[in-house]
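If you want the building blocks of each chain, they are given just below.
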Amino acid sequence: AGGLQFPSTMFRMAGVDTERAMAVSRDEMHALLERAVADGYELPRTAGGIYSVREGIVHLNITRVKVDGRSPDPFDPASLSRAESEGRRQARRYLEVFRRYVPGYERAFILDTGAELGVRETRRIVGAHVMTTEEVIGERKFDDAIAPSCWPIEEHGAGRSTRWVWMSPGGYCQIPYRALLPRGPENLLVAGRCLSATHEAQAALRITANCFSMGQAAGIAAAMAGDGRVADVDVPALQRALAAAGAVLAPRPEAAVDA
Ligand SMILES: Cc1cc2nc3c(=O)[nH]c(=O)nc-3n(C[C@H](O)[C@H](O)[C@H](O)COP(=O)(O)OP(=O)(O)OC[C@H]3O[C@@H](n4cnc5c(N)ncnc54)[C@H](O)[C@@H]3O)c2cc1C
């Protein structure tokens, strides 16, 4: 589990003056949190995702949970239990720092934490095709594409920031059907963050929209296979069925740029 991306305990704060809080830019937030670090607070990240969809409440993706300096072992319940405690400890520490350093949070309190640690990376299959960094960043297209992906590599590794590697503006790669077909087990389809990809490629492909797309493709493919083998599914027919169901396999470049 040594090289896995670090997980995060998600949590929400309430009692926030969201008008002032949401006016703090990402750069200002980073500077304020770095100041807290300079003052002696142990913060694992000084940049993160902070969102508000309800007045007074913010949702924070900002913890980085380590156990003995490493990503917790997702196969070891004891390691995961320690990670759950550490994530909640970090949420309390962030509360203290936000109340003290960040405008709008003076009267904040923790509303809740995620029921479970958010694990970005754990088991992946080795499939008929293994997606690589070069294919993601090189915006590779595949004859057996079942989904597009435009998210950059977003790697939550060591250090207080997250490593981003971007595609070109409006660019995207595709996920091939073969990345859902594990080598070895017969007649199995695997969809989601556990797809067949290298560590770095998975750091881009794991996002929610892609997991939805892979699930939709796997479900349609399984229905098409019937009593036959999923490896023998007629892929162009699968692509037509996906398109008929509204899936977009190749976004128009102008649509991506407009967005
Ligand atoms: C902290 C964090 C922040 C993230 N932020 C974003 C973001 O901002 N935007 C974005 O797009 N993506 C984000 N992601 C990535 C994305 O959310 C996940 O990669 C994606 O949701 C994974 O989907 P999945 O279907 O593969 O797995 P999951 O969503 O984990 O679904 C697997 C499901 O299977 C169930 N299950 C497990 N075992 C069994 C069993 N034996 N029987 C029945 N059910 C079972 C589980 O309960 C779970 O509901 C984030 C991930 C994390 C961890």
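Please refer to the structure higher up on the page.
Cut-off values and rules
- Residues numbered from 1 in each chain as written.
- Predicted model: local features only at pLDDT ≥ 70, side-chain atom pairs only at ≥ 80, totals over all residues.
- Heavy atoms only, no water.
- Pairing = 2+ DSSP bridges.
- Helix = DSSP H or I, 4+ residues; strand = E, 2+ residues; numbered from the N terminus.
- Phe/Tyr/Trp six-rings, centres within 6.5 Å; stacked < 30°, edge-to-face > 60°.
- Lys NZ or Arg CZ within 6 Å of the ring centre and 35° of its normal.
- Patch = residues over 30% accessible without salt bridge, like charges linked within 9 Å, V, L, I, M, F, W, Y side chains within 5 Å.
- Areas by Shrake-Rupley, 256 points an atom, 1.4 Å probe, with all protein chains shown as cover.
- Salt bridge = Lys/Arg side-chain N within 4 Å of Asp/Glu carboxyl O.
- Buried < 20%, exposed > 50% of the residue type's maximum accessible area, 1.4 Å probe, protein only.

Q: Before we move on, can you summarise the pairing of strand 1 (residues 11-14) with the specific residues and values?
A: Relative to strand 3 (residues 57-61), strand 1 runs antiparallel, the two sharing three bridges. Considered in strand 3, the bridge of Met13 is made with Val58. The sheet contact formed by strand 1 and strand 4 (residues 109-113) spans four bridges and is antiparallel. Across the sheet, the residue bridging to Ala14 is Phe109, located in strand 4.

Q: Would you mind going over the packing of aromatic side chains in detail, with residue names and values included?
A: Evaluation of the coordinates by the stated rule reveals five aromatic pairs. For the pair Tyr41 and Tyr101, a centre-to-centre distance of 5.9 Å together with 90° between the ring planes defines the contact as edge-to-face. In this pair, Tyr41 is assigned in the loop between helix 2 (26-38) and strand 2 (49-54) and Tyr101 in helix 3 (residues 77-101), connecting sequence segments 60 residues apart. Through pairs of rings, three or more aromatic residues link up here, namely Tyr94, Phe98 and Tyr105. Of note, Lys66 hangs over the ring of Phe6, and the distance from its end group to the ring centre comes to 5.1 Å. Lying across the ring of Tyr172, Lys141 places its NZ or CZ 4.4 Å from the centre.

Q: Could you give an account of a nonpolar patch on the surface, with specific residues and numbers?
A: A cluster of nonpolar side chains, contributed by Trp151, Trp164 and Trp166, occupies part of the molecular surface with about 350 Å² of accessible area. The topology assignment puts Trp166 in the loop between strand 7 (163-165) and strand 8 (173-176). On the basis of relative accessibility, which here comes to 58%, the residue Trp166 falls in the exposed class.

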